[in-house]
Amino acid sequence: EADIYQTPRYLVIGTGKKITLECSQTMGHDKMYWYQQDPGMELHLIHYSYGVNSTEKGDLSSESTVSRIRTEHFPLTLESARPSHTSQYLCASSYTGRGTEAFFGQGTRLTVV
Amino acid sequence: AQRVTQPEKLLSVFKGAPVELKCNYSYSGSPELFWYVQYSRQRLQLLLRHISRESIKGFTADLNKGETSFHLKKPFAQEEDSAMYYCALSVESGYNKLIFGAGTRLAVHP
């Protein structure tokens, strides 16, 4: 079944650890996105990708990095987690074109202690 | 500046009452507006888009360019409508750039 998957759903990790949040989609979409959302706040775009080997920074500055080696896979990495990285991270994908529907994963709730 | 404002964090109504979730936007170009919804323990999903001019689950939304608004309305709320609702603005860019509001939690009481 075509879907977009994020793992893990929840992650509690100590300061200084390296973490990777996984996102995969089987929908055949070329565009993929990472949003960050603090409780009760807007979703902010932190990374996006046009396709394989194409990644760009979003509107909200983030210390995380992303890669797009395969069309269906768009992982997000934090080299050294800090408490300020505590947030919810949402992955999404869509076809090319303005106004096309964005499909979201279930999200990863990250807590850095 | 490109911005989406949802002035109400929480809207609480009784079943059968009319509902209006407010959304205002700021954008100098040609706007495309959407409503996304997140039900409890489910993922964020598209509810409706203004270009479709359709009614989904009894909800409608009309783009008012003069008032820069895209309010979501339903004449008779149901308990299953309880969810987080996000208004989103698609701006002209090389990708599908969406700008989200902070969301409004709709609570429909029996």
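We now turn to the structure provided with this report. Nothing here was measured: the structure is a model prediction, and the numbers come from that model.

What follows deals with the overall build of chain B. When helices and strands are counted, chain B shows zero helices and 11 strands. N-terminal to C-terminal, the α/β element order of chain B is β-β-β-β-β-β-β-β-β-β-β. Against the 2.2 N^0.38 benchmark of 13 Å for 110 residues, chain B shows a C-alpha radius of gyration of 14 Å, consistent with a compact globule. For chain B, the spread of C-alpha atoms along the three principal axes comes to 45 × 30 × 25 Å.

All names here are of chain B. Pairing within the open sheet is antiparallel, and its three strands lie in the order β3-β8-β7. Bordering the open sheet on either side are β3 (19–21) and β7 (60–61), each of which pairs with just one other strand. Alignment of β3 against strand β8 (residues 72–74), held across three bridges, turns out to be antiparallel. For glutamate 20, the partnering residue across the bridge sits in β8 and is lysine 73.

Taken as a whole and judged by the stated rule, the model has nine salt bridges over all chains. Lysine 31 of chain A serves as the salt-bridge partner of aspartate 30 of chain A, at 3.6 Å between the closest nitrogen and oxygen. With relative accessibility at 5%, the residue lysine 31 of chain A sits in the buried group. Close ionic contact of arginine 49 of chain B with glutamate 101 of chain A constitutes a salt bridge, the shortest N to O distance being 3.8 Å. Taken as a pair, arginine 49 of chain B in strand β6 (residues 45–49) and glutamate 101 of chain A in the loop between β9 (87–94) and β10 (103–104) lie in two separate chains rather than in one. Judged by its relative accessible area of 18%, arginine 49 of chain B falls in the buried class. Residue classification places glutamate 101 of chain A among the partly exposed positions, given a relative accessible area of 24%. Counted as one network, the salt bridges with shared partners bring together Glu20, Lys22 and Lys73 of chain B.

Below, the discussion takes up the interface of chain A and chain B. Quite often, the size of an interface is put as the accessible area lost when its parts meet. Each partner contributes to the interface: chain A provides 24 residues, whereas chain B provides 25 residues. Together, Arg98, Gly99 and Phe104 of chain A form the three largest contributors to the area buried by chain A at its contact with chain B, with a combined 31%. If you look at where chain A meets chain B, you find two salt bridges. For the pair chain A and chain B, the number of links is seven residue pairs in polar contact (both at pLDDT 80 or more). Contributions of two or more residues to the side of chain A that touches chain B are made by β4 (31–37) and β5 (43–51) of chain A. Of the residues belonging to the side of chain A that touches chain B, the class tally is 10 nonpolar, eight polar and six charged.

To continue, consider the pairing of β4 of chain A. Looking along a regular strand, one sees the side chains alternate between the two faces of the sheet. Residues and elements named next belong to chain A. Burial within β4 is extensive, with seven of its seven residues counted as buried. Burial along β4 is two-sided: Lys31, Tyr33, Tyr35 and Gln37 and Met32, Trp34 and Gln36, pointing in opposite directions, are all buried. Bridge analysis of β4 against β9 gives seven bridges, and the strand direction is antiparallel. Paired with glutamine 36 across the bridge in β9 is tyrosine 89. The hairpin formed by β4 and β5 contains five residues between the paired strands, and glycine 40 there has a positive phi angle of roughly 75°.

Next up on the list: the nonpolar core. Counting 27 residues, the largest nonpolar core has Trp35, Leu72 and Tyr85 of chain B as its most contacted members. Elements that contribute at least two residues to this core include exactly β2 (10–14), β3, β5 (32–38), β6, β9 (83–91) and β11 (104–109) of chain B. When residues in this core are grouped by element, the largest group, five residues, is from β9 of chain B. Leu43 and Phe104 of chain A together with Tyr36 and Ala88 of chain B belong to the second-largest nonpolar core, a separate cluster that totals 18 residues.

What counts, and at which threshold
- Residues numbered from 1 in each chain as written.
- Chains lettered and ligands numbered in written order.
- Predicted model: local features only at pLDDT ≥ 70, side-chain atom pairs only at ≥ 80, totals over all residues.
- Heavy atoms only, no water.
- Helix = DSSP H or I, 4+ residues; strand = E, 2+ residues; numbered from the N terminus.
- Rg over C-alpha atoms; globule rule 2.2 N^0.38 Å.
- Pairing = 2+ DSSP bridges.
- Salt bridge = Lys/Arg side-chain N within 4 Å of Asp/Glu carboxyl O.
- Buried < 20%, exposed > 50% of the residue type's maximum accessible area, 1.4 Å probe, protein only.
- Contact = heavy atoms within 4.5 Å.
- Buried area = accessible area lost by both parts, 1.4 Å probe.
- Polar contact = N/O pair within 3.5 Å; in protein donor to acceptor, adjacent residues only side chain to side chain.
- Nonpolar A, V, L, I, M, F, W, Y, C, P; charged D, E, K, R; others polar.
- Core = buried A, V, L, I, M, F, W, Y, C linked by side-chain atoms within 4.5 Å.

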